[in-house]
Amino acid sequence: MHAAVTGAAGAAVISIREVTVRFGGILALDGVGFDIIAGEILGLIGPNGAGKTTLFNCLSRLYTPTSGDIEFEGESILGLEPHRIAGLGIGRTFQNVAAFSNLSVRDNIRVGGHSATVGDPITDAFRLGRARRERAKIDRTAQDLIDWLDLGEVAELPVAGLPFGWQKRVEMARALATEPKLLLLDEPAAGLNHDEVEALGDLIRRVRDERGVTVLLVEHHMSLVMSVSDRVVVMNFGRKIAEGPPAAVQQNPEVVAAYLGGGE
């Protein structure tokens with residue numbers, strides 16, 4: 001059994017409050033605000049240049065907003081260093097696969113598991129009791145995810161030699177190994193074929209339903225977003241222009257205008 005990791009029903013896992021980001025004279029985000037509710041899949045969409053990646057990088061603490069706040073479970077994260085985010089309970093994948101290509105699938109997943117453990121240099125160096133227990137936990141987590149994602153046949157192979165779709169699955173496993181409460185998916189469908197995108201949609205639902213992880217999905221693939229999301233937030237030119245159920249958002253005149261009637 002997988003332990004569900006969720007907040008109270010209806011509670012906001014993360015709250016984005018009037019976030020503004022300026023790069024010199026460029027206004028990348030203009031007072032963006034919305035909540036992500038525990039247990040939901042929230043899709044974040046918008047044309048190129050809308051500000052999605054900038055907001056994503058604020059959530060990951062790669063960027064610091066010029067003004068506004070981001071609260072995770074009621075506490076601001078803006079004072080935290082980027083390496084503290086995973087330990088807080090926020091996992092992330094990247095549009096371009098960021099795996100350790102020469103390491104095996106298993107070892108890549110184990111790397112993710114390290115951020116969910118507690119240790120110190122002395123304990124780790126001398127392999128004291130706690131270090132051995134933490135290592136065993138990492139190994140169990142890796143095997144659990146290998147089984148759950150059907151990676152057994154490639155578990156000992158280097159990631160570099162795997163087809164792109166498999167590499168994406170390994171990156172998902174590594175993110176899940178951090179035991180996140182919130183998973184940030186950065187264009188996971190990029191580079192996938194039709195069948196792989198359909199399988200990805202099923203996997204995103206399973207991440208939420210079977211592992212109890214809240215999901216923020218940033219994606220250009222409209223059919224994927226609309227089929228898996230409970231709610232959708234739409235951005236354009238750094239502003240939020242719509243928020244709501246997929247069917248309502250698709251019919252919003254401002255959204256239609258932003259995409260000029262385009263799809264994916």
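Residues numbered from 1 in each chain as written. Predicted model: local features only at pLDDT ≥ 70, side-chain atom pairs only at ≥ 80, totals over all residues. Heavy atoms only, no water.

K.L.:
How should the overall build of the protein chain be read in this particular structure?
P.N.:
The number of helices and strands found in the protein chain is 10 helices and 10 strands. A burial count over the protein chain gives 48% of its 264 residues as buried. Of all intrachain contacts in the protein chain linking residues separated by at least 6 positions in sequence, the fraction that spans at least 24 positions is 68%. Looking at the protein chain as shown, the accessible area adds up to about 12,400 Å², and 52% of this sits on carbon and sulfur atoms. (Helix = DSSP H or I, 4+ residues; strand = E, 2+ residues; numbered from the N terminus. Buried < 20%, exposed > 50% of the residue type's maximum accessible area, 1.4 Å probe, protein only. Contact = heavy atoms within 4.5 Å. Areas by Shrake-Rupley, 256 points an atom, 1.4 Å probe, with all protein chains shown as cover.)

K.L.:
For this particular structure, what's the right way to read the packing of aromatic side chains?
P.N.:
Centre-to-centre distance and the angle between the planes together describe a pair of aromatic rings. Considering all chains together, one arrives at one aromatic pair under this definition. Where Phe23 meets Tyr63, the ring centres are 5.4 Å apart and the plane angle is 75°; that geometry is what we call edge-to-face. In this pair, Phe23 sits in strand S1 (residues 12-23) while Tyr63 sits in the loop between helix H1 (52-59) and strand S4 (67-72), placing the two residues 40 residues apart along the sequence. For Phe23, a relative accessible area of 38% translates into the label partly exposed. On the accessibility criterion, Tyr63 (30% relative accessible area) is partly exposed. Here the basic side chain of Arg169 rests over the ring of Trp166, its NZ or CZ set 4.4 Å away from the ring centre. The ring of Trp148 carries the charged tip of Arg211 above its face, separated from the ring centre by 4.7 Å. (Phe/Tyr/Trp six-rings, centres within 6.5 Å; stacked < 30°, edge-to-face > 60°. Lys NZ or Arg CZ within 6 Å of the ring centre and 35° of its normal.)

K.L.:
Mind showing me how you'd approach the pairing of strand S7 (residues 182-186) here?
P.N.:
Working note: regular strand, side chains alternate between the two faces of the sheet. In terms of burial, S7 is largely enclosed, as five of its five residues are buried. The two faces of S7 match: Leu182, Leu184 and Asp186 on one face and Leu183 and Leu185 on the other face are all buried. Here three bridges tie strand S6 (residues 90-92) to S7, and the two strands are oriented parallel to one another. The partner of Arg92 across the bridge, within S7, is Leu184. In the sheet, S7 pairs with strand S8 (residues 214-218) via five bridges, with the strands oriented parallel. Bridge pairing in S8 links Leu183 to Val215. (Pairing = 2+ DSSP bridges.)

K.L.:
Would you take a moment to explain the environment of Thr178 for this structure?
P.N.:
Examined against the element boundaries, Thr178 turns out to sit in the loop between helix H6 (164-176) and S7. For Thr178, a relative accessible area of 12% corresponds to the buried category. When the C-alpha atoms of Thr178 and Gly87 are compared, they prove to be 7.4 Å apart, with 91 residues separating the residues in sequence. Reaching out from Thr178, the side chain makes a polar contact with the backbone oxygen of Ala175 at a distance of 2.6 Å. (Polar contact = N/O pair within 3.5 Å; in protein donor to acceptor, adjacent residues only side chain to side chain.)

K.L.:
Sorry if this is basic, but what is going on with unusual backbone geometry here?
P.N.:
Excluding glycine, a negative phi dihedral is what most residues carry, and trans is how most peptide bonds are arranged. At Glu73, a residue that is not glycine, the phi angle is positive and equals roughly 50°. Secondary-structure assignment places Glu73 in the loop between S4 and strand S5 (75-76). For Glu73, a relative accessible area of 42% gives the class partly exposed. The phi torsion at Asp150 lies on the positive side, around 55°, for a residue other than glycine. With respect to the helices, strands and loops of the structure, Asp150 is situated in the loop between helix H5 (129-148) and H6.

K.L.:
What is the right way to read the packing of H6 against helix H7 (residues 194-211) from this model?
P.N.:
Helix packing for two helices is described by the angle between their axes and how far apart those axes are. Viewed as axis vectors pointing N to C, H6 and H7 meet at an angle of 15°, and their least axial separation amounts to 12 Å. In terms of axis orientation, H6 runs roughly parallel to H7. Pair H6 / H7 crosses with right-handed handedness. For the pair H6 and H7, contact is made by Gly165, Met172 and Leu176 and by Glu196, Leu200, Leu203, Val207 and Arg211, respectively. Residue composition of the contact of H6 with H7, by class: five nonpolar, one polar and two charged. (Axes fitted to C-alpha atoms, helices over the stretch in contact; angles between N-to-C directions. Parallel < 35°, antiparallel > 145°, perpendicular 65-115°, else oblique. Left-handed = near helix turned anticlockwise from the far one by under 90°. Nonpolar A, V, L, I, M, F, W, Y, C, P; charged D, E, K, R; others polar.)

K.L.:
What should I look at first to understand the nonpolar core in this one?
P.N.:
Within soluble globular proteins, side chains that are nonpolar tend to cluster in buried spots. Core analysis: the largest hydrophobic core is formed by 45 residues, its most contacted members being Ile109, Leu151, Val207 and Val234. Per-domain counts for this core show at least three residues from each of domain 1 (1-89 + 180-264) and domain 2 (98-179). With near-sequence residues (within four places) excluded, Val234 lies in contact with Ile45, Arg239, Lys240, Ile241, Ala242, Val249, Val255 and Tyr259. Counting 31 residues, the second-largest nonpolar core is a separate cluster that includes Val21, Ala38, Ile70 and Leu216. (Core = buried A, V, L, I, M, F, W, Y, C linked by side-chain atoms within 4.5 Å. Domains from an automatic or database assignment.)

In short, geometric facts, not functional conclusions.
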